[in-house]
Amino acid sequence: MIRFLIRNEKSSLKFDVPTNELSDHLQSIGISEDITIGGTEKISVERFPKDDKIAEIVCERLLPDDRISDVNQLCKRLDGQWLIGDEELEKALVEQDIRGAKNICDAFDELKMSAEQEICEMKM
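The paragraphs below set out a description of the structure included in this document.

Definitions and cut-offs
- Residues numbered from 1 in each chain as written.
- Predicted model: local features only at pLDDT ≥ 70, side-chain atom pairs only at ≥ 80, totals over all residues.
- Heavy atoms only, no water.
- Helix = DSSP H or I, 4+ residues; strand = E, 2+ residues; numbered from the N terminus.
- Buried < 20%, exposed > 50% of the residue type's maximum accessible area, 1.4 Å probe, protein only.
- Polar contact = N/O pair within 3.5 Å; in protein donor to acceptor, adjacent residues only side chain to side chain.
- Contact = heavy atoms within 4.5 Å.
- Arc of directions from axis to C-beta.
- Pairing = 2+ DSSP bridges.
- Axes fitted to C-alpha atoms, helices over the stretch in contact; angles between N-to-C directions.

Quick look at the side chain of Thr 19
And step 1. In this fold, Thr 19 is placed in the loop between β2 (11-17) and α1 (22-27).
And step 2. For Thr 19, a relative accessible area of 8% corresponds to the buried category.
And step 3. At 3.0 Å, the side chain of Thr 19 and the backbone nitrogen of Glu 21 are in polar contact.
And step 4. Apart from the residues within four sequence positions on either side, Thr 19 is in contact with His 25, Asn 72 and Lys 76.

The following block contains the structure:
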């Protein structure tokens, strides 16, 4: 969904989220803490959406102080979602001007609950 390029001094790493190996990826270039997507003095972080409209919108709405682990969790939630259409999620994020990984997660959860309720009501 989102590709990260991280440089730590002379080492660099490219990986995609969601991933179950986030800690291993970061440790492979000497990063042992959960860093923000804004990077640090010594660590630069770039991110790129991967061929997906929702990934583009999410990338645009992330904040520099969002942690990479929060973005990874957000992408895990969004990956393969089927109850909520891309257009519906995009509309909610844009219309409500939602920014930040945790806020996007919360908005997604609300939309998912609404979709689940609609499905239950249709079955009755």
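More follows now that the structure is in view.
Re helix α3 (residues 68-78)
And step 1. Buried within α3 are the following residues: Ile 68, Val 71, Asn 72, Leu 74, Cys 75 and Leu 78. Buried residues of α3 fall within an arc of 160 degrees about the axis and therefore sit on the same side.

Digging into the sheet that holds strand β1 (residues 2-8)
And step 1. Pairing is antiparallel across the open sheet formed by three strands, whose spatial order is β2-β1-β3. Only two strands of the sheet have a single neighbouring strand rather than two, namely β2 and β3 (43-49). Geometrically, the sheet is characterised by an average inter-axis angle of 15 degrees between neighbouring strands, direction not taken into account.
And step 2. In terms of strand pairing, β1 meets β3 through seven bridges, oriented antiparallel. Along β3, the bridge assignment pairs Asn 8 with Ile 43.
And step 3. Together, β1 and β3 form the strand contacts of helix α2 (residues 53-61), whose direction differs from that of β3 by roughly 145 degrees.

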